[in-house]
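# Tertiary structure, described
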Amino acid sequence: MTTHSAAHHLLQGLVDLGVDYVFANLGTDHAPIIEELARWEKSNRRPPEVILCPHENVAVHMAGGYALATGKGQAVLVHVDAGTANAAMALHNLARTRLPVLVMAGRAPFTIHGELTGSRDTYVHFVQDPYDMAGIVRPYVKWEYMLPSGVVINEVLRRAHTMMQSDPRGPVYLTLPREILAADIDDEKMMSFPEAKYGPVKAGGVAPEEADTIAAELMTADNPIAATTYIGRKAEGVAVLDELARACGIRVFESFPAMLNIPHDSPCFAGFNVGDGIKDADLGLLIDTDVPFIPLDHPRARTMRWIQVDVDPLKENIPVWGFATDRRYQADAATVLRQVLEAVRRRADDHYRQKIKARIASWAPAREARAKRLAAAAAKTGSRDAMTVEYVAATLNQRLTPDDIVVNEAVRNTGPTLSQMPRTKPLTYFAHAGGGLGGSGGIALGIKLAWPDRRVVQVVGDGSFHFMSPDAVYAVSQQFGLPIFTVVLDNRGWQAVKASVQRVYPKGVAGESGKFQARLSSGKPDERRRFDELAHAFGAHGEYVAEPAELGPAIDRCFAALKDKRSAVLTARVTSLADVPIG
């Protein structure tokens, strides 16, 4: 009889699932896994590579970034309830962005007197044993479980993998008691659960007659629009949406985009404000979007006709949703749009094609006017310590290639940065869809790990930078050779907080006094907020730019640092929070 520890079978199970990396923040609960990793190395076995992360926020977001780039869910190890709590915000972001990640948390030992290998042997084992550890993250995961015995590891891992990779994808959570991991298991008792028989379920298309119905509605509409957030999670989704939009004359809006969904040089790309389309549209498509617009701002939307195609049309994790739709399809949007496109091409004649050609041509003046507005905004450089965000984004964009990856977490400055940095290729723009700030650093690292030959540029506000555990981000970058370029838009505060108060109390006392509790600086003229110096402590190149004329050369030096395998951080002093008018 041959035996191995449950920790051994855990590692082997991850290998069998095709997991490449374990992003880890380790603790006393992981002793059996650490011992097994050393044993594998001694015997020249290859486990998934361990990426040590000094903070769980970075570990989970890195796994999410890798999944964004590859579609393959990875594993994360966190330390009991403490690590789970630190991981919760990142799991929220991954859940909202529908990213597959397996988070495994060790559990404090359950034996006290040495009854089993791995019994409690230190103070923290008594205080890190809450009644419901999984309750910390249950709202953010598709599935959670505690491993009851090493003999079922393969089945449990397969179930976890199947759940996270099935549509709609999302994170899962597994807890691992220390004694269970340390126990020896008879190898003959370990069963196999191959993907062919137990694997994930993928969303498909719709019935042919439904595709024909959608095609007919599109072809009879005089002014159709579409709103999407994440059809671009698959490269083919970007292509087919553009093709269908061109075939039917659909204006496509990216609503709070989590990735590039349509090339921004397409004649059918209409910008980021769906409200501009709602004003005169007679038919709308909601395609893979959680929040296409704010209902309060667009009451006309309730009277329009809407067709919804979504991998998650019910939004089961959003208690109140509230968007009226006339046809709802739970399906893979790229597949459905391909079906509809084929139906349109079968139905279209020369008269229809000429009508659509004329319709698209009629949008040219609006597109040209928008381009002129953007160019005019970019030309306004601002002044010392008050560069415009548009100028910063446009200057950066002049140096980007179509293959560069942009990870955006500028929050209230997302509009200017998106508009001034148009992307044209699938999978070259990412932003998490959650409400937890501080995810972009880890996501950028995960993407860089997946695509080491691509340049990864992170744009982040100063408020979000504080949240992203920046020391851990640049420590991981240095240790594992993952250079990224971070541009910090420093407006000295939280614009979102200020804007919220102004929306709720437009004539309130806070507005009269300017007391929004949103300022993150003293406001003294000689104050220097050096985010770049923090990263410099971990080997990154740093730049501090207050004068507009210095921006371009500073960006060039940062890109040169990337060539030398060093991360770079640029602090860009943009118009301060107090001076930004927000309605």
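Residues numbered from 1 in each chain as written. Predicted model: local features only at pLDDT ≥ 70, side-chain atom pairs only at ≥ 80, totals over all residues. Heavy atoms only, no water.

Attention now goes to the sheet that holds strand 10 (residues 251-254). As summarised here, the arrangement of the 6 strands in space is 11-10-9-12-13-14, forming an open sheet in which the pairing is parallel. With one partner strand each, in any of the chains shown, strand 11 (269-271) and strand 14 (327-330) form the two edges of the open sheet. Across this sheet, the average inter-strand angle for adjacent strands is 20°, counted without regard to direction. With 4 bridges connecting them, strand 9 (residues 224-228) and strand 10 associate as parallel partners. Considered in strand 10, the bridge of T228 is made with E254. Helix 9 (residues 208-220) contacts strand 9, strand 12 (283-287), strand 13 (306-310) and strand 14 of the sheet and is inclined by roughly 135° relative to strand 14. (Pairing = 2+ DSSP bridges. Helix = DSSP H or I, 4+ residues; strand = E, 2+ residues; numbered from the N terminus. Axes fitted to C-alpha atoms, helices over the stretch in contact; angles between N-to-C directions. Contact = heavy atoms within 4.5 Å.)

Before going further, it helps to spend a moment on the pairing of strand 17 (residues 405-409). Of all 5 residues in strand 17, 5 are buried; the element is thus mostly enclosed. What you see with strand 17 is no split at all: I405, V407 and E409 on one side and V406 and N408 on the other are buried throughout. Two strands pair when backbone bridges link them, and strand 17 and strand 19 (residues 456-461) are joined in this way by 5 bridges, in the parallel orientation. Across the sheet, residue N408 finds its bridge partner in strand 19, namely V459. Where strand 17 and strand 18 (residues 429-430) come together, 2 bridges link them in parallel fashion. The partner of V406 across the bridge, within strand 18, is Y429. A crossover connection joins strand 17 to the parallel strand 18 through helix 16 (residues 414-420); in handedness this β-α-β unit is right-handed. (Buried < 20%, exposed > 50% of the residue type's maximum accessible area, 1.4 Å probe, protein only. Right-handed = clockwise from strand over helix to strand, strands pointing away.)

On to the packing of aromatic side chains, then. A full pass over the atoms with the stated rule returns 10 aromatic pairs. Consider the rings of F293 and F323, whose centres lie 5.2 Å apart with planes at 85°: the pair is edge-to-face. With F293 in the loop between strand 12 and strand 13 and F323 in the loop between strand 13 and strand 14, this residue pair connects regions lying 30 residues apart in the sequence. Of the residues examined, F293 reaches a relative accessible area of 8% and is grouped as buried. Here F323 falls in the buried class, since its relative accessible area comes to 11%. Taken together, a centroid distance of 5.1 Å and an interplanar angle of 70° make the contact between F465 and F531 edge-to-face. A residue pair is termed long-range when its members are at least 10 positions apart, and F465 in helix 18 (residues 462-467) and F531 in helix 22 (residues 531-536) qualify at 66 residues. On the basis of relative accessible area, F531 is assigned to the buried category, the value being 6%. The structure contains a cluster of three or more aromatic residues connected by ring pairs, namely F293, W306, W321 and F323. Directly above the aromatic system of W40 lies the positively charged group of R45, at a separation of 4.5 Å from the ring centroid. (Phe/Tyr/Trp six-rings, centres within 6.5 Å; stacked < 30°, edge-to-face > 60°. Lys NZ or Arg CZ within 6 Å of the ring centre and 35° of its normal.)

Attention shifts here to the pairing of strand 22 (residues 568-573). Consecutive side chains of a regular strand alternate in pointing toward one face of the sheet and then the other. Of all 6 residues that make up strand 22, 6 are buried, and the element is covered over most of its length. Here strand 20 (residues 485-490) pairs with strand 22 via 6 bridges, running parallel. Following the sheet pairing, V487 is matched in strand 22 by L570. Pairing of strand 21 (residues 541-545) with strand 22, which is carried by 5 bridges, proceeds in the parallel orientation. If you follow E543 over to strand 22, its bridge partner there is L570.

Time to look at unusual backbone geometry. The linkage connecting D167 with the following residue, P168, adopts the cis geometry, with an omega of -10°. Looking at where P168 falls in the secondary structure, it is placed in the loop between helix 6 (153-165) and strand 7 (172-177). Of note, V80 is a non-glycine position whose phi angle comes to about 40°, a positive value. Within the element layout of this structure, V80 appears in helix 4 (residues 80-97). Located in the positive-phi region is K315, a residue other than glycine, with phi close to 50°.

All right, on to the pattern of salt bridges then. The final tally for this structure, using the stated rule, is 38 salt bridges. The salt bridge involving E217 is made with R327; its shortest N-O contact spans 3.1 Å. Note that E217 is positioned in helix 9 and R327 in strand 14, a separation of 110 residues in sequence. On the basis of relative accessible area, E217 is assigned to the buried category, the value being 15%. Here R327 falls in the partly exposed class, since its relative accessible area comes to 26%. One salt bridge connects R557 with E543, and the closest N-O pair in it is separated by 2.7 Å. (Salt bridge = Lys/Arg side-chain N within 4 Å of Asp/Glu carboxyl O.)

As far as function goes, none of this settles anything; it's purely spatial.
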